[in-house]
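Each chain, letter by letter, is given below.
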Amino acid sequence: MQLSDPVTSIRGIGDKTAESFGKLNIHTVEDLIGTYPRRYLGYGRPVEIRTAPELERITIMATVSTYVKVNKGPRYVLTTLSADDGTGSVEIVWFNSPYLRSTFHKGDTYCFTGMIRRKGRRRVMEHPEFYTPYKYQEMQSVLQPVYPLTAGVTNNQLRKAIREVRPLIGELPDPLAPGLRAKYGLLTKGQAVMGIHFPKDEETLQNAVRRLAFDEFYSFLSDVAKMREENLRLTSGHVLTEEAVVSLRGFLAGLPYSLTKGQEQALQDVVKDMSGGMVMNRLIQGDVGCGKTIIAAAALYVTVRSGYQGALMVPTEVLAMQHFRDLEKLFKPYGIRVALLTGSMSVKEKRSVYQGLKSGEIRVVAGTHALIQEKVEYRSLGLVVTDEQHRFGVRQRERLAEKGDLPHVLVMSATPIPRTLAIILYADLDISLITELPGGRKKILNCVVGTDYRPTAYQFIGKEVKNGHQAYVICPKIEDAEGVELEAVTSYAGNLREIYGPSVRVAALHGKMKESEKQGILQDFTEHRTDVLVSTTVIEVGINNPNATVMMIENAERFGLAQLHQLRGRVGRGNAQSYCIFVNCNRTEESKERLSVLEESNDGFHIAAEDLRLRGPGDFFGVRQSGDLMFRLADIYRHADILKMAQEAVLEKSEGSAADRENV
């Protein structure tokens, strides 16, 4: 077997399984080896049922106190039993596992590992792992990898397949020179990949992560350095006309508000760049709600008035639709035609947009990655705007820019990154920073609470709904078992419907839904056909509903502070007072200290700096930030020291290359 062989060459993988693996972009043996675990499960000391926290992965050691029941429901076959440890009892439930009837007997003692949830007056642990006490004692010294999954692929299948190809890991080519590895104390590529899949202990895992994170940063920063060098030599054929710049004043005067000083300065930077004869490559970085989008709209307006086309690329279809509607409304009085282009549109709809872009009739287009497909041609693309740039790789931005004859590039990001790290990550871009929020916005009031506060929080949300407002409730992504994430959101929404009754309209949203279904649910929420939206972090980026005044985040301790701040930014977007409730299900001093930062501050950049300080560069474990520059494994906060190390290595390589050119 070779690294380039298809996965069907691995024992136990047939065509059907290979098709499912393909959904995870695993087509060859090398793809499989390069699919790293998302996290690891440890097995700690069992806790008492009486004091066991809810919605947190724990283990209880309990005795089966009832006979096993198997009932067929409308969606699942439910296998249930009760277990007791002398301090309390819990109901254990498995889905579609009737064969477990013969596994458990009244009086048997097992260790059950999973999450306890409250359903009415009952405490329930759904679909837990289970071990004999002796086997569990062995498990306590093991780190179990958890891989990214999709329909038709289980974690056990991936682990088994990777064990089959284990001998080939040592054959992986190493892109780093021995001298570079020695200087920074890095493992070989083979050692690191072996350590990431089969960690003997936390030290082995940490050293493996250190090497693989270095690889990702080094590759990314090498691309950034190359782009920076190329950008400095690029002249632009898309210079703004004086007439267009003058007309911009009328466009701004027509807005129902005035720009802040930060917005005015950012727009001046953009106009100056686009009028200077060189290609603009600028980042507008600002906190959530600071008004970056109107700067992008003004830049698109002046681009069109100068005779060119503009494109706005965003990471999700929901956000693309939102921007399309906003831009269409904004540009309609000026006769500027705006179009939407996303992957889920019909072939006929896409073809119409392709024709409009090629002919030049469509002046501005908002869309997702569909904007960089081969079929898309522009007549005169003068400006490319990418929103939430950290979601796109450097090469994806480059591909969109290549659609025009060296168009200007404007990047927007609300991700609060400490300036020391931003200078490294955005080295190919000039940076405009917007620090203040638009006038009229009230400061969001925050509180960090325990699980016993939930009934009070539900009453408060009900009161806000009665006053005509809306609320979000965020459930964390749970990847321990297939289908659990979906069940967490839908069951939570079901509980809220029972609590509120028909007077409060509750909807559920999660990442496994079809794009059209997501858009419909979000549109209903935006247009106030629902009152409370229970969701995973799929709403994290860019969703704008000024009428939403409450954000309640369950298991807040599971998220990075910067991501919690992003989620909080979905409220406080109107003139009404808004609130954020962080539910802390882990009562450790560490989690209290971390979450207190959010309780005391609404400043995203201060929060990002505190996130970095509190986690520390040596903290390799926990829930990673979502969407950090599309790195598979590296995390700019958790691995900040490795990022700086990779930058040093790239700078040394660049200086060496420059010296070599001078000697030629």
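Residues numbered from 1 in each chain as written. Predicted model: local features only at pLDDT ≥ 70, side-chain atom pairs only at ≥ 80, totals over all residues. Heavy atoms only, no water.

Points about the layout of surface pockets
Right, on to step 1. Approximately 1400 Å³ is the volume found for the second largest pocket.
Right, on to step 2. Thr293, Gln322, Asp326, Asn544 and Arg573 are, among the 44 residues lining the second largest pocket, the residues nearest its centre.
Right, on to step 3. Sorting the residues of the lining of the second largest pocket by element identifies α10 (292–305), α11 (317–331) and α17 (515–526) as the ones contributing at least two each.
Right, on to step 4. For the lining of the second largest pocket, the element with the highest residue contribution is α11, accounting for 10 residues.
Right, on to step 5. Split into classes, the residues belonging to the lining of the second largest pocket amount to 19 nonpolar, 14 polar and 11 charged. (1 Å grid on protein atoms, 1.4 Å probe; cavity = no way out; pocket = protein on both sides within 12 Å on 5 of 7 lines; lining within 4 Å. Points joined across faces, edges and corners; volume = space filled by probe spheres on them. Helix = DSSP H or I, 4+ residues; strand = E, 2+ residues; numbered from the N terminus. Nonpolar A, V, L, I, M, F, W, Y, C, P; charged D, E, K, R; others polar.)

Things to note about the sheet that holds strand β21 (residues 548–553)
Right, on to step 1. With respect to topology, six strands assemble into an open sheet ordered β17-β22-β21-β18-β20-β19, the strand pairing being parallel. Unpaired on one side and paired on the other, β17 (445–449) and β19 (506–509) mark the two borders of the sheet. Taking each pair of neighbouring strands and ignoring which way they run, the sheet shows an average axis angle of 15°.
Right, on to step 2. Summarising the sheet, β19 and strand β20 (residues 532–535) pair through four bridges and their orientation is parallel. Paired with Val506 across the bridge in β20 is Val532.
Right, on to step 3. Across the sheet, helix α18 (residues 561–568) touches β17, β18 (470–474), β21 and β22 (579–583), and the angle it forms with β21 is around 150°. (Pairing = 2+ DSSP bridges. Axes fitted to C-alpha atoms, helices over the stretch in contact; angles between N-to-C directions. Contact = heavy atoms within 4.5 Å.)

Some remarks on the packing of helix α8 (residues 242–253) against α10
Right, on to step 1. Interaxial distance between α8 and α10 falls to 9 Å at its minimum, and their mutual angle equals 135°. Our classification of the angle between α8 and α10 gives oblique. At the point where α8 passes α10, the crossing takes the right-handed sense. Residues Ala244, Val245, Ser247, Leu248, Phe251 and Leu252 of α8 pack against Ala297, Ala298, Tyr301, Val302 and Arg305 of α10.
Right, on to step 2. Among the residues making up the contact of α8 with α10, the classes are represented as nine nonpolar, one polar and one charged. (Parallel < 35°, antiparallel > 145°, perpendicular 65-115°, else oblique. Left-handed = near helix turned anticlockwise from the far one by under 90°.)

Considering the packing of aromatic side chains
Right, on to step 1. For the coordinates displayed, the defined rule picks out 20 aromatic pairs.
Right, on to step 2. Here the aromatic rings of Tyr131 and Tyr136 are separated by 6.1 Å at their centres, their planes lie at 45°, and the arrangement is tilted. Note on accessibility: Tyr131 and Tyr136 belong to one class, buried.
Right, on to step 3. Measuring from ring centre to ring centre gives 6.1 Å for Phe251 and Phe331, while their planes differ by 45°; the resulting arrangement is tilted. With a gap of 80 residues between them, Phe251 in helix α8 and Phe331 in helix α11 connect regions that are remote in the sequence. Grouping residues by exposure puts Phe251 and Phe331 together as buried. (Phe/Tyr/Trp six-rings, centres within 6.5 Å; stacked < 30°, edge-to-face > 60°. Buried < 20%, exposed > 50% of the residue type's maximum accessible area, 1.4 Å probe, protein only.)

Structural notes on the confidence of the model for the protein chain
Should the pLDDT be low somewhere, the predicted coordinates at that spot are not to be read in detail.
Right, on to step 1. Per-residue pLDDT for the protein chain has a mean of 85; in total, 91% of the residues score no lower than 70.
Right, on to step 2. When mean pLDDT is taken per element in the protein chain, strand β12 (residues 338–341) scores highest with 95 and helix α13 (residues 394–401) scores lowest with 62.
Right, on to step 3. Contacts from residues 616–628, a stretch scored under 50 in pLDDT, to residues over four places away or in other chains number 44 contacts. (pLDDT = per-residue confidence, 0-100.)

Points about unusual backbone geometry
Right, on to step 1. Its identity is not glycine, yet Asn96 carries a phi of approximately 55°, on the positive side.
Right, on to step 2. Its location among the elements puts Asn96 in the loop between β5 (89–95) and β6 (109–119).
Right, on to step 3. The partly exposed category is assigned to Asn96, whose relative accessible area is 44%.
Right, on to step 4. For Asn555, which is not glycine, the phi torsion reads 50° and is therefore positive.
Right, on to step 5. Within the secondary structure, Asn555 sits in the loop between β21 and α18.

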